Amino acid sequence: MSALTHTIEIDRPPDEVFAYASDVLRFPEWQADVLEVHFEGPDGREVGSRFTTTRRIGPNERTMTQEITEVEPPHRFAAHGVAGPIRPHASIDVEPLDDGARSRMTFELDFEGHGFGKAPVPAVRQLAARGAPASHRRLKQRLEADG
């Protein structure tokens, strides 16, 4: 299966959009399923930094460890799951619009199952496909309200 992809336009410059959307500690502000995020070790926010995200998936809470794999301000950010039965792979790409006054952000999300995590991956993808657009709308609302 291909990754879930969603694109949204935001009336804020790319550097502001990137800074907010790639700040993993702010994920709970705009991703409704994220309960908390913590860095493992120093708060590096650079390639190789690891963080844990506790999410509500259906009626359950799951904590996942991810590693930041790309940071190219203000254009690209990516993180990949490194532990657990279901590992998310997520990225954002930010493009300038209107000479940098606005931005187009493209989100990609996919999941990889390991061991007993292989079977529920289609259901997790389906939940993510339903929830991600609402999270992206919240991101847009928060950024545009701060403007």
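Just so it is clear, the structure is predicted and the values come from calculations on it, not from any experiment.

Asks: Give a detailed account of the side chain of Thr53, specifying residues and quantitative values.
Replies: Mapped onto the elements of the fold, Thr53 is located in strand β3 (residues 50-57). Within the structure, Thr53 has its side chain in polar contact with the side chain of Gln66 (distance 3.5 Å). In this structure Thr53 touches Val34, Glu36, Val37, Arg62, Thr63, Met64 and Gln66, once residues within four positions along its chain are discounted.

Asks: Tell me about the packing of aromatic side chains, and please be specific about residues and values.
Replies: Counted by the stated rule, this structure contains four aromatic pairs. Ring geometry for Phe27 against Trp30: centres 5.8 Å apart, planes inclined by 80°, an arrangement best described as edge-to-face. Placement of the pair is Phe27 and Trp30 together in helix α2 (residues 27-30), with a separation of three residues, close to one helical turn. The exposure classification of Phe27 matches that of Trp30, with both residues buried. Aromatic pair Phe27 and Phe51: ring centres 6.4 Å apart, planes at 80°, arrangement edge-to-face. Of this pair, Phe27 sits in helix α2 while Phe51 sits in strand β3, placing them 24 residues apart in sequence. No difference in accessibility class separates Phe27 from Phe51, as the two residues are buried.

Asks: Would you mind going over the sheet that holds strand β5 (residues 76-81) in detail, with residue names and values included?
Replies: Sheet architecture is open: seven strands sit in the order β1-β7-β6-β5-β4-β3-β2, paired in antiparallel fashion. Looking at strand neighbours, the two that pair on one side only are β1 (4-10) and β2 (34-40), the edges of this open sheet. Direction aside, the axes of adjacent strands within the sheet are offset by 20° on average.

Asks: Account for the pattern of salt bridges, naming residues and giving values.
Replies: A complete count under the given rule lists 15 salt bridges for this structure. Between Glu9 and Arg102 there is a salt bridge whose closest N-O contact spans 2.8 Å. Of the two residues, Glu9 is situated in strand β1 and Arg102 in strand β7 (residues 102-113); the sequence distance between them amounts to 93 residues. Judged by its relative accessible area of 31%, Glu9 is partly exposed. Residue Arg102 is classed as partly exposed on the basis of its relative accessible area, which comes to 21%.

Asks: Help me get a handle on the environment of Glu40, residues and values and all.
Replies: Mapped onto the elements of the fold, Glu40 is located in strand β2. Placed 25 residues apart in sequence, Glu40 and Thr65 show a C-alpha to C-alpha distance of 8.7 Å. In contact with Glu40, other than residues within four places in its own chain, are Arg50, Phe51, Thr52 and Thr65. Among the polar contacts made by the side chain of Glu40, one reaches the side chain of Thr65 at a distance of 3.4 Å.

Definitions and limits used
Residues numbered from 1 in each chain as written. Predicted model: local features only at pLDDT ≥ 70, side-chain atom pairs only at ≥ 80, totals over all residues. Heavy atoms only, no water. Helix = DSSP H or I, 4+ residues; strand = E, 2+ residues; numbered from the N terminus. Polar contact = N/O pair within 3.5 Å; in protein donor to acceptor, adjacent residues only side chain to side chain. Contact = heavy atoms within 4.5 Å. Phe/Tyr/Trp six-rings, centres within 6.5 Å; stacked < 30°, edge-to-face > 60°. Buried < 20%, exposed > 50% of the residue type's maximum accessible area, 1.4 Å probe, protein only. Pairing = 2+ DSSP bridges. Axes fitted to C-alpha atoms, helices over the stretch in contact; angles between N-to-C directions. Salt bridge = Lys/Arg side-chain N within 4 Å of Asp/Glu carboxyl O.

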